Each structure stands twice: as structure tokens, then as C-alpha cells.
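# Reading the structure
This is what each chain is made of:
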Amino acid sequence: MSNRDETSRPSAASADSSSAPWDPRPEPQITLRSPAELADALPYLMGFHPTDSIVMVALHGDRGRFGGRLRLGIPGSRDEWPDVCDQLAETLVAGSAKRGARPDGIVLFLCRDPGEGETALEVMKRLQPLAQCLRIACGGLDVPVYEALCISGGRFWSYCCPDERCCPPEGVPLALPGTSVMAAAAAYAGIQVRGTLREMEARYAPLTGDRAEAQLRALDGAAADLVPRILSGTSCETVRQETLDLVRLLLDRFHEAGPGAQRTESDARDDALVGVDEAAAVIIGLQDRAARDRAAEWMEGPQAPAALRLWRALARRCVPPYQEHATAPFALAGWVAWSVGDHPEARVALGGALTIDPGYLFAQLLHRACNEGLDPELLRRCLRQERADRALSAAVEAGANGAGSDRARAGRSGGVEEKPGASPAADKAPPARRRRPATTDAPGGPATANGPAGRARPRRRTGQRGARSRQ
């Protein structure tokens, strides 16, 4: 299990990176010898139990070393199956070749639980044409499918093995959780299974009931107030800074509170930490691309876990009809998860962002980089540099403003610094050298508290006062 490659949206572009795979730590090696062991290994390969999913795993070498892996939700329409199968096969093979080697074979999994009034056996038979379509697509690229399994209702079937002694028609029960060799090896290596894909996606699902109605009213109010300001050139920077200040406040709050022990408890606790008006203001503010990019700078260190929890909580606040606004929190959650090495969470979050908006470039790039095995440190370094450049620019500007204030104070005193004990003769300078006092005849008008007459007043940066008031 050396390479980790999964996508919730097939894309040939995901194989276009020439960077070498990044592997933060060596992974354990274990030999799987039967369809039963392959079925048991699937959650550990993915980091969660895939539901309603096509999963393809590349194999390399004579011993079938696991390589890239790819996941896609099973298309609802059978008419889509041929095109989807061709695209999935091309994506996995091209991506593996880009990383150094075409796969020598592929293992295929079809995972779907029975619907109401349906048996697992009926699911297996219904998905058999999909498995055959995938085998044909892979064979067309000269990459054979060594095994194709259907997992449904706690049982598995093989579409490739004709031996009823190991793969009977009624299917084979899956091993009990934690009882297999693979489970023992995963526990020793510290590999965790997060539950089902459906459970992971539920952590981003919008709120319902009375809380959703209250959040909707707050979003309507925030949109009416902030969107015109974002679209206007003069107030956009003010809204941006207010958004980031509020994010910083919420991050401190999340960091101090800490996560709950259980998933549902933790999410409920996080929801209670964010007021409806606070959530609405941040959600609308993050629709500004520059604000979102600067919010991405909270991606490491002790605040990274708090940031991931905050973005999840904000995604849940994007209630109908504001679901599209969840794209930014989804993408930011995916970025933080990838940055801290949580690849299953990153793929779920980034896949959710692309489900909402397939053309969202920020999520597209992150999703591709995560699937290509790139090192997130490359992007972290860029964000650190941008933050340092911004701090330097602010320091230079503050120094320039301070120098201007000094000159203004000198101008208000007539350009002469009065020293204690100075002789009265200092006021009797020759007329040619005496500084002309400011009068109403000067072009700039009479001297005021804002500066000497005849001088242009220092331009005040729009929004700085509001930004400082929130810090």
C-alpha cells in the first residue's frame, strides 16, 4: 500500500502532474491471498468503508503491489456506465503511468447496500453488467482486471472466480471487524477506519429544523448587507478584513474548547460554538476569493484541527438555498485535512466541493494534487511567503505613515522647534529667512488640526478604521 490515489470525480487532468509521489511515512506490507482477504482489506486501503462506490486499485509487479486507487459514486443511470467506465480506466492507467509505471493489473470493487425491499444478491446481479463494462474498458487498455468483487449487505461475491467452493452463489460473509490479519496489521501500523463514506459525508450535511430556519434568516440578512459591499470596490477590503478577523476569533474559540470524544458529540459541540450571525457573516465573506485564500493560511500548527472543525461547522450552516456557498468551506476543510496528512477526510471534503461546483478551480487543483501524491509543503511554503510579504508591506506602509505624521506635526509648529530656555532673539530672524505664516490666501486653505495649509492631507486608507476596531 505505497501510493494513495483516489478521486470522487474521474478526470484525465488528474494524471497531468509530473512531480514525484510524496510518501510521508513507510507503510506496512501484507500479503493478501484470497477474495475474502481483498474484501476485508478495502476499508484499510481507503481509510473508510466506501458506500455506493466504484473502487479501482492498480497492481504492480509480479507480486501485485498496490498502487494508485480511485473511487467514484456508482452512476444512477445505466446509460452512463459505458462512458464512465472508459473514463475511469483511462484515469487510473494514465495516472499510474505519470507516476512512473503503468499498472500490470487492476482489482475492482463495487460497493452498494441493498435498498428497501431488495436483497444483497439482487444488488450483485444488478451491478454485474457494470463490472463487465469496467473489465472491458481496462482490457481495452491492455490492463487486465485480476479480481472484481461486489460487496453488499455484509457479504461479498466475485465476478471473476468460478469456484463455488470459495465463492458460492449466495456470497460469503465478510469477516467481523477487527478479527482479520489485515485488521491486526492496520492496528499495529496506526491505520484507522473512519466509518462509512456516508457517515463522513454526513458531517458536512446542512442543518435541519428550527436551527436551519434561524440560519437561513441570518444568511439572508448577511447577504443583503455584505454582497453589495463586496461588489463595490471601496468596501471590499473592509469586508475581507472583517471576515478574517471573525475567523480568527472563531478559531481561538474552537481551539480553547477542543473537540468532543465522539463524532456526533464533537459536531454538536462545534455547532454550539458558532452563532447564526457569525456563521452567516463568514460564509458570505468567504465568497470573496481573496478572503478565502487568506483563510487558507490557517493550515498547520496547533490551530489546524480547530480550522478543520470550523470549516465543517460552516459547511453545515449552508442551508438551502445557500448550498452553493458551502463550496468554500468544503474546499478549505479539504485543504487543511490534506495539509495535516488526513487524506481520507481531504478527499471527502474536496469531492463534496466538486459535487457542488465541478468548476471550482481551488478545489480542482487541491483534489488533483492530493490524488497525485504531491507534498502539501509546497503550497504551505507559498502561503507562508504570502503572509510574510503582506506583513512586510504593512510594516513599510506603517513606517511611511509614521514619517508623514512627523512631518505634519513639524508643519503645525511652523517648522521651528522651541527649546526650553531659548533666547527671545530667536524670534528676530531676518525677514528674508522668516517662514511665512499660513493664512487664508494659501491654496490649501487655513491651517487646521489635519495639517498645515497648502499641503495635501494624507490619504486615509479605506476600511482601516473598521478593521482595527475588530482586532
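Predicted model only: the values in this text are computed from it and were never measured.

Each value, and the rule that gives it
Residues numbered from 1 in each chain as written. Predicted model: local features only at pLDDT ≥ 70, side-chain atom pairs only at ≥ 80, totals over all residues. Heavy atoms only, no water. Pairing = 2+ DSSP bridges. Helix = DSSP H or I, 4+ residues; strand = E, 2+ residues; numbered from the N terminus. Phe/Tyr/Trp six-rings, centres within 6.5 Å; stacked < 30°, edge-to-face > 60°. Buried < 20%, exposed > 50% of the residue type's maximum accessible area, 1.4 Å probe, protein only. Lys NZ or Arg CZ within 6 Å of the ring centre and 35° of its normal. Core = buried A, V, L, I, M, F, W, Y, C linked by side-chain atoms within 4.5 Å. Contact = heavy atoms within 4.5 Å. Expected span 1.5 Å × (residues − 1). Salt bridge = Lys/Arg side-chain N within 4 Å of Asp/Glu carboxyl O. Polar contact = N/O pair within 3.5 Å; in protein donor to acceptor, adjacent residues only side chain to side chain. pLDDT = per-residue confidence, 0-100. Axes fitted to C-alpha atoms, helices over the stretch in contact; angles between N-to-C directions. Parallel < 35°, antiparallel > 145°, perpendicular 65-115°, else oblique. Left-handed = near helix turned anticlockwise from the far one by under 90°. Nonpolar A, V, L, I, M, F, W, Y, C, P; charged D, E, K, R; others polar.

The next thing to look at is the sheet that holds strand S1 (residues 53-60). Taken in spatial order, the 6 strands of this open sheet run S2-S1-S3-S4-S5-S6, and their pairing is mixed. With one partner strand each, in any of the chains shown, strand S2 (65-73) and strand S6 (172-173) form the two edges of the open sheet. The sheet contact formed by strand S4 (residues 145-152) and strand S5 (residues 155-158) spans 4 bridges and is antiparallel. Residue pairing in the sheet places Cys-150 in a bridge with Trp-157 of S5.

A word on the packing of aromatic side chains. Taken as a whole, this structure holds 2 aromatic pairs when the rule is applied. Pairing Tyr-204 with Phe-330 gives two aromatic rings, centres 4.9 Å apart and planes at 20°, and the pair type is stacked. With Tyr-204 in the loop between helix H5 (197-202) and helix H6 (209-231) and Phe-330 in helix H12 (residues 327-339), the pair connects residues that are 126 residues apart, well separated along the chain. On the accessibility criterion, Phe-330 (9% relative accessible area) is buried. Between Trp-335 and Trp-338, the aromatic rings sit 5.8 Å apart at their centres with planes inclined by 65°, giving edge-to-face as the arrangement. With Trp-335 and Trp-338 both in helix H12, this residue pair falls 3 residues apart, about one helical turn. We note that Trp-335, like Trp-338, is buried. Over the face of the ring belonging to Phe-362 we find Arg-292, whose NZ or CZ atom lies 4.2 Å from the ring centre.

Phe-109, Tyr-204, Leu-310, Trp-311, Trp-335 and Trp-338 are the most contacted members of the largest nonpolar core, which has 84 residues in total. Look past the residues within four positions of Phe-109 in its chain and what remains in contact with it is Leu-38, Ala-39, Leu-42, Ser-53, Ile-54, Val-55, Val-57, Leu-149 and Ile-151. Ile-74, Val-84, Val-123 and Leu-127 belong to the second largest nonpolar core, which has 32 residues in total.

The first and last C-alpha atoms of helix H1 (residues 35-46) sit 17 Å apart over 12 residues, in line with the 16 Å expected at 1.5 Å per residue. Burial analysis of H1 places 10 of its 12 residues in the buried class, which makes it a mostly covered element. Once H1 finishes, Gly-47 follows within two positions and takes phi at roughly 90°, a positive value.

Right, let's get into the pattern of salt bridges. Two side chains of opposite charge can pair, provided their charged atoms sit close to one another. Summed over the entire model, instances satisfying the criterion amount to 25 salt bridges. For Arg-203, the salt bridge is made with Asp-267, and the minimal N-O distance between the two is 2.8 Å. Note that Arg-203 is positioned in the loop between H5 and H6 and Asp-267 in helix H8 (residues 263-272), a separation of 64 residues in sequence. A single burial state applies to Arg-203 and to Asp-267, both of which are buried. Glu-300 is the salt-bridge partner of Arg-384, the closest N and O atoms lying 2.8 Å from each other. A residue pair is termed long-range when its members are at least 10 positions apart, and Arg-384 in helix H15 (residues 377-412) and Glu-300 in the loop between helix H10 (289-295) and helix H11 (304-316) qualify at 84 residues. With a relative accessible area of 28%, Arg-384 lands in the partly exposed category. Each of Arg-203, Arg-211, Asp-267, Asp-271 and Arg-316 takes part in one network of salt bridges that share partners.

Before going further, it helps to examine the pairing of strand S3 (residues 105-111). Summarising burial for S3: 7 of the 7 residues are buried, a large majority. By the alternation rule, side chains of S3 split into Gly-105, Val-107, Phe-109 and Cys-111 and Ile-106, Leu-108 and Leu-110, which are all buried. For S1 and S3, the ladder comprises 7 bridges, and the chain directions are antiparallel. Its bridge partner lying in S3, Val-55 is registered against Phe-109. The sheet contact formed by S3 and S4 spans 6 bridges and is parallel. By the bridge assignment, Ile-106 is partnered in S4 with Val-145.

Tracing the backbone shows Asp-271 in helix H8. A distance of 3.1 Å separates a polar atom in the side chain of Asp-271 from a polar atom in the side chain of Arg-316. Excluding residues that lie within four positions of it along the chain, Asp-271 makes contacts with Leu-207, Arg-211, Ala-313, Arg-316 and Arg-317.

Here the focus is the confidence of the model for the chain. Residues of the chain with pLDDT of at least 70 account for 76%, and the chain-wide mean is 81. Ranking the elements of the chain by mean pLDDT puts helix H16 (residues 464-470) last with 35 and helix H9 (residues 276-285) first with 98. A low-confidence stretch, residues 1-25 stays under pLDDT 50, and its non-local contacts, those more than four residues away or across chains, total 92 contacts. This model gives residues 415-471 a pLDDT under 50, and the stretch forms 41 contacts once residues within four places in sequence are excluded.

Time to look at the packing of helix H7 (residues 236-257) against H11. Interaxial distance between H7 and H11 falls to 9 Å at its minimum, and their mutual angle equals 115°. With respect to their mutual orientation, H7 and H11 come out roughly perpendicular. Helix-helix and strand crossings are classified by hand; for H7 and H11 the assignment is right-handed. Residue-level contacts link Val-247, Leu-250, Leu-251, Phe-254 and His-255 of H7 to Ala-306, Ala-307, Arg-309, Leu-310, Trp-311 and Ala-313 of H11. The class makeup of the residues in the contact of H7 with H11 is 9 nonpolar, 1 polar and 1 charged.

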